[in-house]
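# Overview (structure and organization)
Listed below are the residues making up each chain.
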Amino acid sequence: MEIIRSVADMRAWRKQAGKLAFVPTMGNLHEGHLKLVKAAREQADKVVVSIFVNRLQFGQGEDFDAYPRTFESDCEKLRAAGVDALFFPDERELYPRVKQDFNVEPPHIQNELCGAFRPGHFRGVATVVTKLFNIVQPDVACFGKKDYQQLHVIQAMVDDLNSPIAIVPVDTGRADDGLALSSRNGYLSAEERAEAPRLYRNLCAIRDGLLAGSHDYAALEKTARDDLSAAGWVVDYVEVRQADTLEIAHAGEKRLVVLAAARLGKTRLIDNIEVFR
Ligand code: PAF
């Protein structure tokens, strides 16, 4: 696996790569990322992964400096997964003028769901992904459904800006007890880890209610919020939304997604489940 640190070298490598699939990450890799890599391998001749902890998408009070940097073990995992190149720029390389005056501004959805609790987050994501797309110039890019709102923002951005990149959504990897794989699971104590699957169980309960024919989204959401709160979680949101647009779901909607974010101790977990009926 080639490790590429400069924009110029990345562009030069890309020229000889043929059909190229891209998996952008912030490192601290786990099985969920490797699932993205596997999906990427099925899409193209060559696979490039990036590792860049993007300051722009961290809000105040979100600890950018404490974000785990695990370069050596990440490289081992990527080599074993057959990745062809790792793009690993430093901040100076990606933000040469230090401050970023031009940003990619997502529409109103950036202020809803996770965006309501993380102001500026999706703008930071859209901006860095645009920069990475411009540098790596992939044909295909893989994003996990675990970050459903992020996937939606990126797909809408690519559509609206006519970017020549096919976005491939990849199903969420889960532990045997249902917990969505996430770098943040590493922050959970043993006790919290045992409690964490409650989030997914509540999403499944809402899914079952929807599939049984319920259109009372508010009641389903409230039951889940109450169950989580009673177990000591601090709930940011549990919402049933339209799967294709992430807009508010109305009764009778057939393609839905249930999204949730809640804090267990100091760790904020997110998850979602699609429901097509
Ligand atoms: O999902 C992530 O890890 C990040 O948001 C991404 C897409 C790599 C942008 O920094």
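The structure displayed is predicted, hence computed values, not measured ones.

## Digging into empty space enclosed by the protein
The full count for this structure, using the stated rule, is one cavity of 30 Å³ or more. Its volume calculated, the largest cavity comes out at about 50 Å³. Considering the residues around the largest cavity, the lining is formed by Lys146, Leu179, Ala180, Ser182, Asn185, Ala196, Leu199, Tyr200, Leu269, Ile270 and Asp271. Elements represented by at least two residues in the lining of the largest cavity include exactly helix H9 (198-211) and strand S9 (267-276).

## Describing the site of the ligand
Taken together, Pro24, Thr25, Met26, Asn54, Gln57, Val125, Val128, Phe143 and Gln150 are the residues near the ligand. Interatomic distance of 2.7 Å between a side-chain N/O atom of Gln150 and an oxygen atom of the ligand. Considering the ligand on its own, with 290 Å² of exposed area, one finds that the protein chains cover 87% of that surface. Its residues placed into classes, the shell around the ligand shows five nonpolar, four polar and no charged.

## Focus: the UniProt feature "binding site: (R)-pantoate" (unreviewed entry) in the protein chain
In this numbering, the UniProt entry assigns the feature "binding site: (R)-pantoate" (unreviewed entry) to Gln57 and Gln150. Spanning 94 residues, the named residues nonetheless gather at one spot, since no C-alpha pair among them exceeds 11.4 Å. Considering the arrangement of structural elements, one finds Gln57 in the loop between strand S3 (46-51) and helix H3 (71-80). Inspection of the secondary structure assignment puts Gln150 in helix H7 (residues 148-160). Residue Gln150 is classed as buried on the basis of its relative accessible area of 18%.

## Concerning the UniProt feature "binding site: beta-alanine" (unreviewed entry) in the protein chain
Feature annotation in UniProt places "binding site: beta-alanine" (unreviewed entry) on Gln57, given in this structure's numbering. Using a relative accessible area of 10% as the deciding quantity, one classes Gln57 as buried. If we ignore the near neighbours within four places in the chain, the residues touching Gln57 are Met26, Glu62, Arg118, His121, Gly124, Val125 and Val128.

## Things to note about the packing of aromatic side chains
Per the stated rule, a full pass over the model turns up seven aromatic pairs. Where Phe58 meets Phe64, the ring centres are 5.4 Å apart and the plane angle is 80 degrees; that geometry is what we call edge-to-face. Note on Phe133 and Phe143: the rings are 6.4 Å apart at their centroids and 75 degrees apart in plane angle, and the pair reads as edge-to-face. Taken together, the positions of Phe133 in helix H6 (residues 121-136) and Phe143 in strand S5 (residues 140-144) put the pair ten residues apart, joining distant regions of the chain. Judged by relative accessible area, Phe133 falls into the buried class, the value being 5%. Among the aromatic residues, those joined into a ring-pair cluster are Phe22, Phe133 and Phe143. Between Arg69 and the ring centre of Phe64, over which it is positioned, the NZ or CZ distance is 4.8 Å. Across the ring face of Phe276, the terminal group of Arg255 is positioned such that the distance to the ring centre comes to 4.2 Å.

## Considerations on the packing of H6 against H7
Direction vectors running N to C along H6 and H7 enclose 55 degrees, while the axes themselves pass 10 Å from each other. The orientation of H6 with respect to H7, classified from their angle, is oblique. Handedness of the H6/H7 crossing: right-handed. From H6, Phe122, Val125, Ala126, Val129, Thr130 and Phe133 reach across to H7, where they touch Gln149, Gln150, Val153, Ile154, Met157 and Val158.

Basis of the calculations
Sequence order as written defines residue numbering, which begins from 1 separately in each chain. Where totals are concerned, whole chains, interfaces and linings use all residues; where local detail is concerned, this predicted model gives features only for residues with pLDDT of at least 70, and gives and counts side-chain atom pairs only at 80 or more. Side-chain numbers come from the whole structure's heavy atoms, not from hydrogens or water. Throughout, the protein atoms alone are placed on a 1 Å grid, and a set of points is a cavity if a 1.4 Å probe fits but cannot get out or a pocket if it is open with protein on both sides within 12 Å along at least five of seven lines; lining residues have an atom within 4 Å of a point. Grid points are joined across faces, edges and corners, and a volume is the space filled by probe spheres set on the points. Going along the chain from the N terminus, every DSSP run of H or I of four or more residues is numbered as a helix, and every run of E of two or more is numbered as a strand. The near set for a molecule or strand comprises every residue that places at least one heavy atom within 4 Å of it. Two N or O atoms count as a polar contact when they lie within 3.5 Å, although within protein this holds only if one can serve as hydrogen donor and the other as acceptor, and sequence-adjacent residues are included solely when both atoms are side-chain atoms. To be clear on the numbers: accessible area is Shrake-Rupley with a 1.4 Å probe, and residue cover counts the displayed protein chains and nothing else. Each residue gets one of three labels, nonpolar for Ala, Val, Leu, Ile, Met, Phe, Trp, Tyr, Cys and Pro, charged for Asp, Glu, Lys and Arg, and polar for the others, Gly among them. UniProt positions are given in the numbering used here, feature names are shortened, and annotations may be inferred rather than shown by experiment. For the exposure calls, accessible area comes from a 1.4 Å probe over protein chains only, and a residue counts as buried if that area is under 20% of its type's maximum, exposed if over 50%, partly exposed in between. Two residues form a contact once any of their heavy atoms are found within 4.5 Å. Aromatic pairs are defined between Phe, Tyr and Trp rings, using the six-membered ring for Trp, whenever the two ring centres lie within 6.5 Å; interplanar angles under 30 degrees are classed as stacked, those over 60 as edge-to-face, and all others as tilted. Only when the NZ of Lys or the CZ of Arg is both within 6 Å of the ring centre and within 35 degrees of the ring normal is a charge said to sit over the ring. Axis lines are fitted to C-alpha atoms, over the contacting stretch for helices. Their N-to-C directions set the angle, which ranges from 0 to 180 degrees. Angular relationships are summarised with four words: roughly parallel below 35 degrees, roughly antiparallel beyond 145, roughly perpendicular across 65 to 115, and oblique for the angles in between. By definition, any crossing whose near helix is turned counterclockwise from its far helix by less than a right angle is left-handed, and any crossing with a clockwise turn is right-handed.

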